[in-house]
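Here's the letter readout for the chains.
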Amino acid sequence: MTQLVELSEAAAYRVKEMMRHNGEEGSYLRVAINGGGCSGLTYGLGFERELTDKDQLLKQHDIEMIVANDDVDILKGTQIDYKESLMGGGFTINNPNAILSCGCGTSFRTATKVGSPEDC
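This one's a predicted model, so the numbers in the text were calculated from it and none came from an experiment.

J.: Help me out: how do you make sense of the overall build of the protein chain in this one?
T.: Each helix and strand counted, the protein chain has two helices and nine strands in total. Moving toward the C terminus, one meets the helices and strands of the protein chain in the order β-α-β-β-β-β-α-β-β-β-β. At 14 Å, the protein chain has a C-alpha radius of gyration in line with the 14 Å of a compact globule built from 120 residues. A principal-axis box enclosing the C-alpha atoms of the protein chain has dimensions of 40 × 35 × 30 Å. Put simply, the protein chain has 120 residues, and 35% of those count as buried. Across the protein chain, the fraction of contacts at a sequence separation of at least 24, relative to all contacts at a separation of at least 6, is 55%. Within the structure as shown, the protein chain displays about 7400 Å² of accessible surface, and the carbon and sulfur contribution to it stands at 47%. Positive and negative side-chain charges in the protein chain, numbering 11 and 18 respectively, have mean positions lying 1 Å apart.

See below:
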């Protein structure tokens, strides 16, 4: 069975560090889809204190994540990782539902959701 969103151990470790650094212990990690970017959709990661009845709750590696019900179909099977390189580190998102992404790699679209593309 495919996970809605898979969070790697490296990503979970980095999220925990960010929570401690920003005083967000006990918060949820919101994984979101927003309109914008040159392909129409962008990812959002952030901390929230409250879960609503319009959210799904996931838990991996002691991180509680929330995903809005409206974003479930777009995010199903998405993998979030964190990678370090000589140029720094960052989260990587691999979404099997994305059929097109922009050259800068920050926006995408799916077969069923175009979003609201903007000029680069």
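J.: Sorry if this is basic, but what is going on with the sheet that holds strand 3 (residues 40-48) here?
T.: Note on sheets: strands pair through backbone hydrogen bonds, and any given pair is parallel or antiparallel. What the six strands build is an open sheet, ordered 4-5-2-3-9-8; its pairing is mixed. Lying at the two open borders of the sheet, with one neighbouring strand each, are strand 4 (55-60) and strand 8 (98-101). Averaged over all pairs of adjacent strands, the angle between their axes in this sheet comes to 35°, without regard to strand direction. The sheet contact formed by strand 4 and strand 5 (residues 63-68) spans six bridges and is antiparallel. Paired with Lys-59 across the strands is Glu-64, a residue of strand 5.

J.: Sorry if this is basic, but what is going on with unusual backbone geometry here?
T.: Glycine aside, negative phi is the norm for most residues, and most peptide bonds take the trans geometry. With phi around 50°, His-61 is a residue other than glycine that occupies positive phi space. Counting through the fold element by element, His-61 comes out in the loop between strand 4 and strand 5. If you check the backbone angles, Asp-62 has positive phi at about 65° while not being a glycine. With a relative accessible area of 63%, Asp-62 lands in the exposed category.

J.: Would you explain the pattern of salt bridges in this entry?
T.: When the charged atoms of two side chains lie near each other, side chains of opposite charge can form a pair. Tallied over the entire structure, the rule returns five salt bridges. Arg-14 serves as the salt-bridge partner of Glu-17, at 3.2 Å between the closest nitrogen and oxygen. Placement of the pair is Glu-17 and Arg-14 together in helix 1 (residues 9-21), with a separation of three residues, close to one helical turn. Glu-17 sits in the partly exposed class, given a relative accessible area of 27%. Here Arg-30 makes a salt bridge to Glu-48, at a shortest N to O gap of 3.0 Å. Taken together, the residues span a long stretch of sequence, with Arg-30 in strand 2 (residues 28-36) and Glu-48 in strand 3 at a distance of 18 residues. Assessed through its relative accessible area of 30%, Glu-48 is described here as partly exposed. Each of the salt bridges in this network shares a partner with another, and the network as a whole consists of Arg-30, Glu-48 and Asp-55.

The rules behind each value
- Numbering of residues starts from 1 in every chain and runs along the sequence as written.
- Only residues with pLDDT of at least 70 are given local features in this predicted model, and only at 80 or more are side-chain atom pairs given and counted; all residues enter the totals for whole chains, interfaces and linings.
- The basis for every side-chain value is the complete set of heavy atoms in the structure, and neither hydrogens nor water enter the calculation.
- The numbering of helices and of strands both runs from the N terminus, where a helix is a DSSP run of H or I of at least 4 residues and a strand a run of E of at least 2.
- Values of the radius of gyration come from C-alpha atoms, whereas the globule rule sets the reference at 2.2 Å times the count of residues to the power 0.38.
- Partly exposed residues are those whose accessible area sits between 20% and 50% of the maximum for their type, while under 20% is buried and over 50% is exposed, using a 1.4 Å probe and protein chains only.
- Any two residues whose heavy atoms approach within 4.5 Å are treated as being in contact.
- Accessible areas in this description were obtained via Shrake-Rupley with a 1.4 Å probe; residue shielding takes into account the shown protein chains only.
- Charge convention: Lys and Arg are scored as positive, Asp and Glu as negative, and His as well as the terminal groups of each chain are ignored.
- Where a charge lies is defined by one atom per residue type, namely NZ (Lys), CZ (Arg), CG (Asp) and CD (Glu).
- Strand pairing follows a simple DSSP-based rule, namely that at least 2 bridges must link the two strands.
- All axes here are fitted lines through C-alpha atoms, helices being fitted over the stretch that makes contact, and every angle between N-to-C directions spans 0 to 180 degrees.
- Salt bridges are counted wherever a side-chain nitrogen of Lys or Arg sits within 4 Å of a carboxyl oxygen of Asp or Glu.

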